[in-house]
Amino acid sequence: MPDVKLAPYAVRDENSRGRRFPEPPPRYRSEFQRDRDRIVHSAAFRRLEYKTQVFVNHEGDMYRTRLTHSLEVAQIGRAIARILHLNEDLTESIALAHDLGHTPFGHAGQEALNRCMRDHGGFEHNLQSLRVVDELEEKYADFNGLNLNFETREGILKHCSMADARALGDVGERFLTRQQPSLEAQLANVADEIAYNSHDVDDGLRAGLISVEQLCEVRLFREQYECVVTSYPDLSRRRVIHEVVRRLIDRQVSDLVDSSRARMAEAAPASIDDVRGAPGALIGFGSGMRQLNLELKRFLRKALYRHYRVMRMSAKADRVITSLFEAFMNDACLLPPEYADKVRVQTEAAGVAGRARVVADYIAGMTDRYAISEYERLFNPMKAT
Ligand code: MG
């Protein structure tokens, strides 16, 4: 169904490079609605509910998880896609799928698993998200994975090494030819940034790991904060923070819309091929906002992501992931039968690296609490196995 409101350089069903395994077109939906719906029905998507964004799942019910983060990214992405006449369904699909490959325990988990996989091809959550939708979901009668459209898969793969790009085929190509992805992919990427910068401020304050006083060193926050407390001197602290966070999002979104429009007016792409051939991304902040954003990111890295309480959790996560990996590598009989079978097949096909990849897939798929209970079952003699 062609959508007349879409810009000529937006991705649409008609200019899509299609699915890996050809399928009849959906009867009532667009191709990208179908992609989104498949993602929502995947097991990996449901598991995002119990995976850490910054705070481990059991630390509190109010914090963002990977699931609520992905929904916020989708919301921001969709809103902007509509303003810019881009494909909303594609933007939403990429946003909902972008973190499917995340390990338990956020970045600490990913770093630990990458270290474990050092001699076996490494581990990268971005590549893993693609692996989830291309291979690991086992639901459909005719193929492994979700058989998503090229543009959704391309959007999931935000970055990758040249070696990986060569191995990946179609979605890796643009890294070798230095082409840009679709505008929808570019948008989902920045929407991710806007979402986590803003919600990490909110969650960090809620957890008491960072303070308003500290945040006032950051220009982007201070501007909004002063504005809110001047206009509403008697507002409760909780509402002030919410008001500031919503204005933070609004300010970044407005800049993104204006700056992207200006860049597109200048480049004047007539088609998606023009978008791909442009020397740089057309969706992005202006230089002023890029600077402000960087300042906020630097602050969060220093004050929140490296806060000693976050570091303690990271150290625990590291131990859990590393111990699980070593235990399963030393003895595949400890794995649940379906993974033990895969280990057998993959060891025959690719040796130790094949075996390690199956173990990494198993661990990466775990939720925080599942990883903790697997650890308990394996290492605590008082726990049932
Ligand atoms: Mg994300």
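Scroll up for the structure.
Calculation rules
The numbering scheme is per chain: residues are counted from 1 as the chain's sequence reads. In keeping with the model being predicted, local features are shown solely for residues with a pLDDT of at least 70 and side-chain atom pairs are shown and tallied solely at 80 or more, while totals for entire chains, interfaces and linings include all residues. For side-chain calculations, the full set of non-hydrogen atoms in the structure is used, while hydrogens and water are omitted. Definition of nonpolar core: a set of buried residues of the types Ala, Val, Leu, Ile, Met, Phe, Trp, Tyr and Cys, connected through side-chain atoms within 4.5 Å. A 1.4 Å probe rolled over the protein chains alone gives each residue an accessible area, and that area as a share of the maximum for its type sets the label: buried under 20%, exposed over 50%, partly exposed in between. Numbering of helices and strands runs from the N terminus; a helix is a DSSP stretch of H or I covering at least four residues, while a strand is a stretch of E covering at least two. Contact definition: two residues touch when any of their heavy atoms are within 4.5 Å. Coordinating donors are taken as N, O and S atoms within 2.8 Å of the metal, stretched to 3.2 Å for Na, K and Ca; because water is absent from the atoms, sites can appear incomplete.

Q: Mind laying out the nonpolar core, listing which residues take part and the relevant values?
A: Residues Leu86, Leu100, Val201, Phe221 and Ile283 are the most contacted members of the largest nonpolar core, which totals 73 residues. Here this core takes 9 residues from helix H13 (residues 237-267), the largest share from any one element. Residues within four places of leucine 100 in sequence aside, it is in contact with Ile39, Ala44, Phe45, Leu48, Ser129, Val132 and Val133. Among the nonpolar cores identified, the runner-up in size contains 28 residues, and Met117, Val358, Val359 and Ala371 belong to it.

Q: Explain the environment of arginine 306 residue by residue, including any values.
A: Here arginine 306 is to be found in the loop between helix H15 (287-305) and helix H16 (308-330). Taking relative accessible area as the criterion, arginine 306 reaches 54% and is therefore assigned exposed. Setting aside its immediate chain neighbours within four residues, arginine 306 contacts Arg301 and Met311.

Q: Can you explain the coordination of the magnesium ion? Please cite residues and give values.
A: Binding of the magnesium ion to the protein goes through His69 (NE2), His98 (NE2) and Asp192 (OD), at separations of 2.1 to 2.4 Å. Each donor residue of the magnesium ion lies on one chain, and together they are spaced H-x28-H-x93-D. Here histidine 69, found in helix H3 (residues 66-83), pairs with aspartate 192, found in helix H10 (residues 183-206); they are 123 residues apart in sequence, far enough to count as distant. Considered together, histidine 69 and aspartate 192 belong to a single accessibility category, that of buried residues.

Treat this as a map of the structure, not an account of what it does.
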